[in-house]
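Analysis of the macromolecular model
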Amino acid sequence: MAHLVTLIPGDGIGPEVAEATVRAVEATGVKIEWDRVNAGLRALADFGRLIPDEVFASLEATRVGLKGPTATPIGGGHQSINVALRKKLGLYVNFRPVRIVPGLKTRFQDLPIDMAIFRENTEDLYSGLEHEIVPGVVESLKIITRDASMKIARATFEYARREGRAKVTAIHKANIMKLSDGLFLTCCRETASQFPEIKYNELIVDNACMQLVMRPETFDLLVLPNLYGDIVSDLAAGLVGGLGIVPGANLGDNHAIFEAVHGTAPDIAGKGLANPTALMQSAVLMLAHLGEREASARLRSAIDQVYAHRECLTGDVGGDSTTEQFTEAVIRRVGAVTERLNEVYSRQPAKVDSGLDRAQRRSLEEDS
Ligand code: NAI
């Protein structure tokens, strides 16, 4: 049976990277019925609203979305589309895995960086509660609740247990914000005590930034309140090639939206130059979320191989190929990985549906 997924192509380069990603996902053979809906500037022009009701209706029905970047007009009282979707759908986890893509040239290319960031997505200084007390004095409220902190801590540790990760680091500034960040830490500690097999430590956010730059390979999972999470996510993305590469996911109890974290890149929109890697890597996460772990691993391996062989890379990562040429290269590699796995399956009939066994993993890694 086909999976139902809401596709929001978005603005600027959004439709180009979304189409490339749909083709790469379809190359894996997973059946997906895409419900295409518009949000952003195109929706504003067509319906007079940045997020028409049909977007929420579709996400209510499918519960899973793949989203390209959308432009939010500055001024005019428009709420950011991403903030609106997170609030309405209760997407309290902002998840960003950060790993070195083999072959991609970065300052840190020789380090085994493989971390994942869990950023609380609903409160903290992003609650939008600001007011002027008297002329010249403005107050912005930092809201930290036990409920939201427990949810993000639990999501982090559950992921650690499920994926066999070794360590969770909570990042904070509780030495200064004793009550608010103190509550966040208390929730992380309480949760850590229920997962004794997972190592737990804490770092003050400024020290964490320095350690991330000096010893990024020592980090595993990071859990942070919203503001530090936003900043540290981009710092970490910068270690492995920037926002054009890393994927993102907004996750709640009932819904999930997978999206690239870069913007609409108006300077290159419509020119066929956009790099679809970040949205393709978001689709890797989406396939795993849909239970298609094997197809997810195949798509990830195909992207890795394209980079490892520096085949058809786009301009932003030092190549001179188009979005189309890069996409074709990924699709060819998906085909090659699938053939190789089929060979392994035929030698080893005990197929593992929910993931890859050791021989299959080795086979994928050999090609990378
Ligand atoms: P941007 O990420 O769109 O662009 C920054 C630079 O990176 C540009 O030079 C652009 O060409 C390049 N770039 C970005 N993604 C690329 C890709 N996939 N391939 C190749 N080059 C890429 O950031 P900017 O200019 O600050 O924002 C432009 C618009 O995007 C704004 O309207 C902003 O509101 C929106 N935006 C939307 C986001 C979302 O929907 N998730 C996130 C960030 C910004």
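Fair warning: this is a prediction, and the values are worked out from it, not measured in the lab. (Residues numbered from 1 in each chain as written. Predicted model: local features only at pLDDT ≥ 70, side-chain atom pairs only at ≥ 80, totals over all residues. Heavy atoms only, no water.)

A word on the sheet that holds strand 4 (residues 93-99)
Strand order in the open sheet formed by 10 strands is 2-1-3-12-11-4-5-10-8-9, and the pairing between neighbours is mixed. The sheet is open, and its two edges are formed by strand 2 (32-36) and strand 9 (199-204), each paired on a single side. Adjacent strand axes in the sheet meet at a mean angle of 25° when their direction is disregarded. Packing of helix 5 (residues 146-163) onto the sheet brings it into contact with strand 4, strand 5 (114-120), strand 8 (167-172), strand 9 and strand 10 (221-224), and relative to strand 5 it is tilted by some 160°. Running over the sheet, helix 8 (residues 226-239) touches strand 4, strand 5, strand 8 and strand 10 and is turned about 155° from strand 5. (Pairing = 2+ DSSP bridges. Helix = DSSP H or I, 4+ residues; strand = E, 2+ residues; numbered from the N terminus. Axes fitted to C-alpha atoms, helices over the stretch in contact; angles between N-to-C directions. Contact = heavy atoms within 4.5 Å.)

Brief notes about the pairing of strand 4
Burial analysis of strand 4 places seven of its seven residues in the buried class, which makes it a mostly covered element. The alternating pattern of strand 4 places Val93, Phe95, Pro97 and Arg99 on one face and Asn94, Arg96 and Val98 on the opposite face, and all of these are buried. Here strand 4 pairs with strand 5 via seven bridges, running antiparallel. Bridge pairing links Arg96 to Ile117 in strand 5. (Buried < 20%, exposed > 50% of the residue type's maximum accessible area, 1.4 Å probe, protein only.)

Section: the domain arrangement of the chain
Domain assignment breaks the chain into domain 1 (1-94 + 240-368) and domain 2 (107-239). Using only C-alpha atoms to locate each centre, domain 1 and domain 2 end up separated by 25 Å. In this assembly, 14 residues from domain 1 lie in contact with 17 residues from domain 2. Here domain 1 meets domain 2 over a buried area of about 1,200 Å², counting both sides, of which 51% is carbon and sulfur. Ranking the residues of domain 1 by area buried against domain 2 places Tyr92, Asn94 and Val240 at the top, with a combined share of 51%. A salt bridge links Glu163 to Arg293; the shortest N-O distance between them is 3.3 Å. (Domains from an automatic or database assignment. Buried area = accessible area lost by both parts, 1.4 Å probe. Salt bridge = Lys/Arg side-chain N within 4 Å of Asp/Glu carboxyl O.)

A closer look at the site of the ligand
By nearness alone, 19 residues border the ligand, and Thr70, Gly263, Ala265, Asp267 and Asn275 come closest of all. In the environment of the ligand, an oxygen atom lies 2.9 Å from a nitrogen or oxygen atom belonging to the backbone of Thr70. Between the ligand and Asn275 there is a distance of 2.9 Å, counted from a nitrogen atom to a backbone nitrogen or oxygen. When the free accessible area of the ligand is taken as 820 Å², the share hidden by the protein chains comes to 62%. Grouping the constituent residues of the shell around the ligand by class yields eight nonpolar, seven polar and four charged. (Near = heavy atom within 4 Å. Polar contact = N/O pair within 3.5 Å; in protein donor to acceptor, adjacent residues only side chain to side chain. Areas by Shrake-Rupley, 256 points an atom, 1.4 Å probe, with all protein chains shown as cover. Nonpolar A, V, L, I, M, F, W, Y, C, P; charged D, E, K, R; others polar.)

Quick notes on the packing of aromatic side chains
Two numbers describe a pair of aromatic rings. These are the distance of the centres and the angle of the planes. Applying the stated criterion across every chain, the model contains six aromatic pairs. With a centroid separation of 6.1 Å and an interplanar angle of 45°, the aromatic rings of Phe157 and Tyr200 are classed as tilted. Of the two residues, Phe157 is situated in helix 5 and Tyr200 in strand 9; the sequence distance between them amounts to 43 residues. Note on Tyr307 and Phe326: the rings are 5.8 Å apart at their centroids and 65° apart in plane angle, and the pair reads as edge-to-face. Here Phe326 lies in helix 11 (residues 323-347) and Tyr307 lies in helix 10 (residues 293-308), a separation of 19 residues in the sequence. For the pair Tyr307 and Phe326, a shared accessibility class is recorded, and that class is buried. Grouped by ring-pair contacts, the aromatic residues Phe95, Phe118 and Tyr159 constitute a single cluster. Over the ring of Phe56 we find Lys88; its NZ or CZ atom is 5.0 Å from the centre of that ring. (Phe/Tyr/Trp six-rings, centres within 6.5 Å; stacked < 30°, edge-to-face > 60°. Lys NZ or Arg CZ within 6 Å of the ring centre and 35° of its normal.)

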